Amino acid sequence: PQKEVKQVYLNIRTPYDPQRVPSREEWTPQFKQSLLEKTQKEIAWAMKEAEGTRIDVAQAQKETPEDFVKGGEWEGDDVRYLEEADRQEAWARNRQKLIDEGKIDDVIGHHQFPGYNSIVQQQGGKGKANQWLQSMGYDGITHEGGDIMGGGKHHRVWIAFEPNQIKRTDNH
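Reading guide: rules and limits
- Residues numbered from 1 in each chain as written.
- Predicted model: local features only at pLDDT ≥ 70, side-chain atom pairs only at ≥ 80, totals over all residues.
- Heavy atoms only, no water.
- Pairing = 2+ DSSP bridges.
- Helix = DSSP H or I, 4+ residues; strand = E, 2+ residues; numbered from the N terminus.
- Phe/Tyr/Trp six-rings, centres within 6.5 Å; stacked < 30°, edge-to-face > 60°.
- Buried < 20%, exposed > 50% of the residue type's maximum accessible area, 1.4 Å probe, protein only.
- Core = buried A, V, L, I, M, F, W, Y, C linked by side-chain atoms within 4.5 Å.
- Contact = heavy atoms within 4.5 Å.
- Arc of directions from axis to C-beta.
- Lys, Arg positive; Asp, Glu negative; His and termini not counted.
- Salt bridge = Lys/Arg side-chain N within 4 Å of Asp/Glu carboxyl O.
- pLDDT = per-residue confidence, 0-100.
- Patch = residues over 30% accessible without salt bridge, like charges linked within 9 Å, V, L, I, M, F, W, Y side chains within 5 Å.
- Areas by Shrake-Rupley, 256 points an atom, 1.4 Å probe, with all protein chains shown as cover.

(A) Structural view of the sheet that holds strand E2 (residues 15–16). Pairing is mixed across the open sheet formed by three strands, whose spatial order is E2-E3-E4. Edge strands, defined here as strands with exactly one partner in the open sheet, are E2 and strand E4 (155–160). Bridging between E2 and strand E3 (residues 140–145) involves two bridges; their strand directions are parallel. The residue bridging proline 15 from the neighbouring strand is glycine 140, located in E3.

What follows is the structure in structure tokens.
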């Protein structure tokens, strides 16, 4: 088949470029919101985990004979478990306080935007990865191409997510 290039008008305003990781300033509001929601789930999990640990320790202390618990290895384990529960709860309360104070960037700042291959793997394929990118506020993909199909001649590739983003210049 003959290669054919057609001129078109593209309406891609917020493209994702898999060859460069967006800086935090370039993160879309949708991506920031998804990180915030993920953090809120982590907070809820940490609080539940800490509470469960405290309940488990209290139950074990009730069920274990006193002479076996005091001063023995169980007592040391209990202390370590309770210290870990305290750390989890402190982390969760700190994150929640930052959210309540509107310091969202402080909450999500340790995250990084995933690379395209990671997105494809996490989402289960390129189609679902592109849907995820759309849900994050991107309306297409752009990257430097030419190594695979361009015969080594580098050029900018644009991929629109929706057909209505493309219009032929000859109106056909």
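(B) Structural view of the packing of aromatic side chains. Going through the model one piece at a time under the given rule, you end up with eight aromatic pairs. Judged by centre distance (4.3 Å) and plane angle (50 degrees), the ring pair of phenylalanine 31 and phenylalanine 113 falls under tilted. Of this pair, phenylalanine 31 sits in helix H1 (residues 29–63) while phenylalanine 113 is found in the loop between helix H4 (104–108) and helix H5 (116–123), placing the two residues 82 residues apart along the sequence. Per residue, the accessibility class of phenylalanine 31 equals that of phenylalanine 113, and both read buried.

(C) Local environment of the nonpolar core. Counting 23 residues, the largest nonpolar core has Phe113 and Leu133 as its most contacted members. Within the residue set of this core, elements represented by two or more residues are H1, helix H3 (73–100), H4, H5 and helix H6 (126–135). Examining the composition of this core, we find that five residues originate from one element, H1, more than from any other. Each residue touching phenylalanine 113, except ones within four places of it in the same chain, is listed here: Tyr16, Val21, Pro22, Trp27, Phe31, Ile119, Trp132, Leu133 and Tyr138.

(D) Molecular detail of H6. Turning to H6, its buried residues number three or more, namely Ala129, Asn130, Trp132 and Leu133. End-on view of H6: buried residues confined to an arc of 155 degrees, all on one side of the axis. Across from the buried face of H6, at angles greater than 90 degrees, the exposed residues are Lys128 and Gln131. The inward-facing, buried residues of H6 abut E2, H1, H5 and E3.

(E) Structural detail: the side chain of aspartate 139. Relative to the helices and strands, aspartate 139 resides in the loop between H6 and E3. At 6.2 Å, arginine 13 is the nearest oppositely charged side chain to aspartate 139, a buried residue that forms no salt bridge. When neighbours within four sequence positions are excluded, aspartate 139 is seen to be in contact with Asn11, Ile12, Arg13, Thr14, Pro15, Ala160, Phe161 and Gln165.

(F) Inspection of the pattern of salt bridges at higher detail. Taken as a whole and assessed by the stated rule, the structure comprises 10 salt bridges. The partner of glutamate 84 in a salt bridge is arginine 87, with the nearest N and O atoms 2.9 Å apart. Residue glutamate 84 and its partner arginine 87 are both found in helix H3; the two are separated by three residues, about one turn of the helix. Between aspartate 170 and arginine 168 there is a salt bridge, and its shortest N-O distance comes to 3.1 Å. In this structure arginine 168 comes out as partly exposed when scored by relative accessible area, which is 31%.

(G) Inspection of the confidence of the model for the chain at higher detail. Looking at the chain, pLDDT values average 84 and 88% of them are 70 or higher. Taken element by element, the predicted model of the chain shows its lowest mean pLDDT in helix H2 (residues 66–69) (53) and its highest in H6 (93).

(H) Highlighting the pairing of E3. One ladder, built from six bridges, connects E3 with E4; its direction is antiparallel. Bridge pairing links isoleucine 141 to isoleucine 159 in E4.

(I) Spatial organisation of a nonpolar patch on the surface. Taken together, the side chains of Val8, Leu10, Trp158 and Ile166 define a hydrophobic patch exposed on the protein surface, amounting to about 340 Å² of accessible area. Its location among the elements puts leucine 10 in strand E1 (residues 8–10).

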